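Coordinate analysis (summary)
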Amino acid sequence: MTGFQRTIASLGGAAGLAAMVLAITDLGTSGIGLILGGILLAGVGLRHRTGVMPQARLDLAASLGGMVLLLSMLDGDMPAASWPLLIACWLVGWLAVEKSLAARDMSPTMSSIVSLAVPVFFGAWIIFVWEMLTVGLQVPTVLLPPPSMIAVRFAESTSILWADFQQTVIKAALSGYIIGCGSAFIIAILIDRVPFLQRGLLPVGNFISALPIVGIAPIMVMWFGFDWQSKAAVVVVMTFFPMLVNTVAGLQATQAMERDLLRTYASSYFQLLLKLRLPTAAPFIFNALKINSTLALIGAIVAEFFGTPIVGLGFRISTEVGRMNVDMVWAEIVVAALAGSLSYGLLSLLEKQVTFWHPSNRRKIQ
Amino acid sequence: MISALSRVFPIATVVAAIMVVWYGFTVYLNSPWQIDRYEKAGIEWQMGDLVRDTMAHDRPVLPAPHQIAIEIWKTTVEKKITSKRSLIFHGSVTLSSTLLGFAMGTILGIGLAVSIVENRAMDKSLMPWIITSQTIPILAIAPMIIVVLNAVGLSGLVPKAMISTYLSFFPVVVGMVKGLRSPDPMHIDLMRTYNSSRLHMFWKLRLPASVPFLFASMKVAIAISLVGAIVGELPTGAVAGLGARLLAGSYYGQTIQIWSALISAACMAAILVTVVSVISHVTLKRMGLRA
């Protein structure tokens, strides 16, 4: 065990002890469960001093056990001892993560399971702490609703959420994304043939990509009306320049050697483009596609603040905020986050398939 | 001299072409309304009249560049700075929350990057979520954050700056993590032969090596934090700031006002990025790096 791990373990054990002592002195409200939980975590945290059973599994089990115990007694009037117990669970869970990451003799499958499980565990912890704090400290739901309340609202209003998803994500964001990225891609290939335009358009394009383009939303709403077409137009403008700049940069990324080789094969312009330059540009293009997937959602939702039919993520967010239905707003945020993360994930998968040759995707030699 | 000219000339040509297309669209988009008016008034009109009149609307579909320039001149130079109609007043409101958000985002980003590089558990558990955090369209929910924070009595600069912070910490984290990991294994080995501690390694090797990466990220971060500040101003009931000018303009159909706010935001973005570039250039030069 490293010094750092020992520190976390001792702190976790101390927090467990504190929970136990608090629970005993305040037996009337705490009950026997908290005392046992405190004893368990104190024991697990402080066992490194004796050196028995050093496995990370035990730390993980103790942390999860503490979480279940805390969840089972969750209400607006938590006994004081539950807060040190929460801290003890967190520290012992961290210890489990530290230990399992430091383990040297792991099979490749085991280590890939660990590297997948660690962020999932962390995410679960964030949601758990969120739930604990909002319910336990009775945070007003207007300020921050607990995750359970958001989940219930999400499950209750799937039909509304689905309609909003279709309006904003499928109609506005996706169509704008395809038009914007597609046209930028074609124009980038055309520009690439004219060095003069390249030198002129690249700095201008770079400049425009740094601008607050969302600001054109009110203008587009005036030009194209309230329905999804105006939102798609905003998305087209927002996604166009990142794609243009990245594609042009990607097309220039080939090396003289490689081009010379293809020239010695007497390859035509299109052969050079398809066999060498576009594959070389692929990482740049995917980079732009990923940036744009988030930008497209932002553009479509923000444009809805400037006028919209009575459906859509942005519309729902702004009206439900006005009615202080914050749980509904969070349900919409979940939809947007899922849409954003899913599209990002799909693009990453596609990128791995297309650019399997790229150094960042090669399997690492152990 | 010739190289500078060959750099500037293509850019100038492209900008000039954009201007020409813009003027063309001004005439094209504003002419239906203008022709309608001619016919109602029964005026005989020539092409020259049409071109002149389409560029002189109060609320054009698309204002001509010179109309925007005049509006910007009027609302910056000819208005008192304290006036509610002064763009300098609105710009400074936006600028202050941009800078506050940028500073907080940079500090947060550096802190996260250091903990990610120094601790493996942090790396494994935080990094995927930091990437996920940016797939959430935060700009889109910015108004909610503002309204909710207003409801608990937190208003003014801080909520807007928080949105800028959320947007700007990400490029800093990514760049700094890359930078802190950039030292050559040879250099790290050399430090090891000196028996240097982790702290020493950090101060003397990792941190200096990360500075170029930090500045590259800060350029992205400051532009994006301006966007955050502008969107953050939309829901505050159009009180102050460039975002408020945009919203007020769209409510009252004041297209020239919208465009002038947009152009000033663009200029502000350009200036901010340039300032960061200059600071980066000077710093890197003093550190003995080629900038």
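Residues numbered from 1 in each chain as written. Chains lettered and ligands numbered in written order. Predicted model: local features only at pLDDT ≥ 70, side-chain atom pairs only at ≥ 80, totals over all residues. Heavy atoms only, no water.

Listed as interface residues are 52 residues of chain B and, on the opposing side, 49 residues of chain A. A buried area of about 4200 Å², summed over both sides, lies between chain B and chain A, and 85% of it is on carbon and sulfur atoms. Three residues stand out in chain B for area buried against chain A, namely T135, P137 and M144 of chain B, and they jointly supply 13% of the buried area on that side. At the junction of chain B and chain A, the tally comes to 0 salt bridges. At the surface where chain B touches chain A, the tally comes to 2 residue pairs in polar contact (both at pLDDT 80 or more). (Contact = heavy atoms within 4.5 Å. Buried area = accessible area lost by both parts, 1.4 Å probe. Salt bridge = Lys/Arg side-chain N within 4 Å of Asp/Glu carboxyl O. Polar contact = N/O pair within 3.5 Å; in protein donor to acceptor, adjacent residues only side chain to side chain.)

This part covers the domain arrangement of chain B. Residue and element names in this part refer to chain B. Each assigned domain of chain B is listed here: domain 1 (2–62) and domain 2 (87–286). For domain 1 and domain 2, the distance between their C-alpha centroids amounts to 37 Å. Interface of domain 1 and domain 2: buried area, both sides summed, is about 480 Å²; carbon and sulfur atoms make up 55% of it. Where domain 1 touches domain 2, the interface holds 0 salt bridges. On inspection of domain 1 and its partner domain 2, the count reaches 0 residue pairs in polar contact (both at pLDDT 80 or more). (Domains from an automatic or database assignment.)

Accessible area lost upon the coming together of the parts is a frequently used measure of interface size. Domains assigned within chain A are domain 1 (3–139) and domain 2 (153–361). Distance from the C-alpha centre of domain 1 of chain A to the C-alpha centre of domain 2 of chain A: 42 Å.

Residue and element names in this part refer to chain B. Tracing the backbone through its elements, the reader meets K160 in helix α7 (residues 157–180). The spatial distance from the C-alpha of K160 to the C-alpha of T98 is 8.1 Å, given a sequence separation of 62 residues. Other than its neighbours up to four places away in sequence, K160 contacts V93, S97, I146, A229, G232 and E233. (Helix = DSSP H or I, 4+ residues; strand = E, 2+ residues; numbered from the N terminus.)

This part takes up the packing of helix α7 (residues 147–156) of chain A against helix α15 (residues 326–354) of chain A. Residues and elements named next belong to chain A. For the pair α7 and α15, the least separation of the axes is 8 Å and the interaxial angle reads 75°. The angle between α7 and α15 places the two elements in the roughly perpendicular class. Contact residues: α7 offers M149, I150, R153 and F154, while α15 offers D327, M328, W330, A331, V334 and V335. (Axes fitted to C-alpha atoms, helices over the stretch in contact; angles between N-to-C directions. Parallel < 35°, antiparallel > 145°, perpendicular 65-115°, else oblique.)

Our next topic: empty space enclosed by the protein. Tallied over the full model, the rule gives 2 cavities of 30 Å³ or more. Taken together, the residues that form the lining of the largest cavity break down as 7 nonpolar, 1 polar and no charged. Of the volumes computed, that of the second largest cavity is approximately 40 Å³. The wall of the second largest cavity is formed by P212 and G215 of chain A together with I230, L242, L246, A261, L262 and A265 of chain B. A per-element tally of the lining of the second largest cavity places helix α11 (residues 255–286) of chain B first, with 3 residues. (1 Å grid on protein atoms, 1.4 Å probe; cavity = no way out; pocket = protein on both sides within 12 Å on 5 of 7 lines; lining within 4 Å. Points joined across faces, edges and corners; volume = space filled by probe spheres on them. Nonpolar A, V, L, I, M, F, W, Y, C, P; charged D, E, K, R; others polar.)

The next point concerns unusual backbone geometry. A negative phi holds for most residues other than glycine; trans holds for most peptide bonds. Residue and element names in this part refer to chain A. In this model, Q138 sits at a positive phi of 55°, which is unusual for a non-glycine residue. Among the secondary structure elements, Q138 is positioned in the loop between α6 (108–136) and α7. Its identity as a non-glycine residue notwithstanding, A266 has a phi of 60°, on the positive side. By secondary structure assignment, the location of A266 is in the loop between α12 (256–264) and α13 (269–303).

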